[in-house]
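This is what each chain is made of:
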Amino acid sequence: EALELQLRCPWCAHVLHNPQVLPCQHAYCKACVENVLAAGRKESLTRCTVPVGVNGARCNQPFFRREIKESRLLEGLVQTCKALTAAAAAGSASQ
């Protein structure tokens, strides 16, 4: 459960699907990134909105579309997390 919380997309709050990493190293779902970039933004520059710290501050680091990278490592962690969650659910259901 703790791992699953770390693997959640800050925009949709679901476990990352096709994780994309910004230059600031925060990760989002590919669909979420695409939606933000397509949501009427005329400029190619966007900013990361991940909360950082306890005072409500946001990352706010700018990024361009070309700087977004797919993360195979995070995708592997997501798949492992899903498998562990399913195995734990199957184990508790059989008891």
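The residue count restarts for each chain, going from 1 along the sequence in the order it is written. Confidence filtering applies because this is a predicted model: local features only for residues at pLDDT of at least 70, side-chain atom pairs given and counted only at 80 or more, and all residues used for totals across whole chains, interfaces and linings. Side-chain metrics in this entry use all non-hydrogen atoms of the structure; hydrogen atoms and water are not considered.

## Section: the overall build of the protein
When its secondary structure is counted, the protein shows 3 helices and 5 strands. Taken from the N to the C terminus, the helices and strands of the protein come in the order α-β-β-α-β-β-β-α. The C-alpha radius of gyration of the protein comes to 16 Å, more than 25% above the 12 Å expected for a compact globule of 95 residues. If you line up the protein on its principal axes, its C-alpha atoms span 55 × 30 × 20 Å. Burial status across the protein gives 25% buried among its 95 residues. Going along the chain from the N terminus, every DSSP run of H or I of four or more residues is numbered as a helix, and every run of E of two or more is numbered as a strand. We take the radius of gyration over the C-alpha atoms and set the globule estimate at 2.2 Å times the residue count to the 0.38 power. For each residue, the accessible area found with a 1.4 Å probe, counting protein chains only, is set against the maximum for its type, and the residue is called buried under 20%, exposed over 50%, and partly exposed in between.

## Some thoughts on the nonpolar core
For this analysis, a nonpolar core means a set of buried residues of the types Ala, Val, Leu, Ile, Met, Phe, Trp, Tyr and Cys, connected via side-chain atoms within 4.5 Å. Cys 9, Leu 16, Leu 22, Tyr 28, Cys 48, Ile 68 and Leu 74 are the most contacted members of the largest nonpolar core, which has 19 residues in total. Secondary-structure elements contributing two or more residues to this core are β2 (27–29), α2 (30–38) and α3 (72–93).

## What to know about the pattern of salt bridges
Side chains that carry opposite charge are capable of pairing whenever their charged atoms lie near each other. Salt bridges, as used here, are contacts in which a Lys or Arg side-chain nitrogen is within 4 Å of a carboxyl oxygen on Asp or Glu. For the structure on display, the rule yields 2 salt bridges. Residue Glu 4 is joined to Arg 8 by a salt bridge in which the shortest nitrogen-to-oxygen separation is 2.9 Å. Under the relative-accessibility criterion, Arg 8 is labelled partly exposed at 31%. Residues Glu 34 and Arg 65 are paired through a salt bridge, measuring 3.2 Å at the closest nitrogen-oxygen approach. Here Arg 65 lies in the loop between β4 (62–64) and β5 (69–70) and Glu 34 lies in helix α2, a separation of 31 residues in the sequence.

## Focus: the sheet that holds β5
DSSP bridges decide pairing: two strands pair if at least two such bridges lie between them. Read from one edge of the open sheet, 3 strands run β2-β1-β5, paired in antiparallel fashion. Whereas interior strands pair on both sides, the edge strands pair on one side only; in this sheet they are β2 and β5.

## Observations regarding α2
Along α2, the residues that are buried comprise Cys 32, Val 33, Val 36 and Leu 37. Take α2 and look down its axis: the buried residues cluster within an arc of 130°, on one side only. Residues of α2 that are exposed and angled more than 90 degrees away from the buried face: Asn 35 and Ala 38. Only heavy atoms matter for contacts: two residues are in contact if any of them lie within 4.5 Å across the pair. In the core, the buried residues of α2 are packed alongside β1 (19–21), β2, β3 (45–47) and β4. This arc corresponds to the set of directions leading from the helix axis out to the C-beta atoms.

## So, the packing of aromatic side chains
Stacked, tilted and edge-to-face pairs are distinguished by plane angle, under 30 degrees for stacked and over 60 for edge-to-face with tilted covering the rest, among Phe, Tyr and Trp rings (Trp via its six-membered ring) whose centres lie within 6.5 Å. The tally for this structure, following the rule as stated, stands at 1 aromatic pair. For the pair Trp 11 and Tyr 28, a centre-to-centre distance of 3.7 Å together with 25° between the ring planes defines the contact as stacked. Residue Trp 11 is found in the loop between α1 (2–6) and β1, and its partner Tyr 28 is found in strand β2; the two are separated by 17 residues along the sequence. Residue classification places Trp 11 among the partly exposed residues on the basis of a relative accessible area of 27%.

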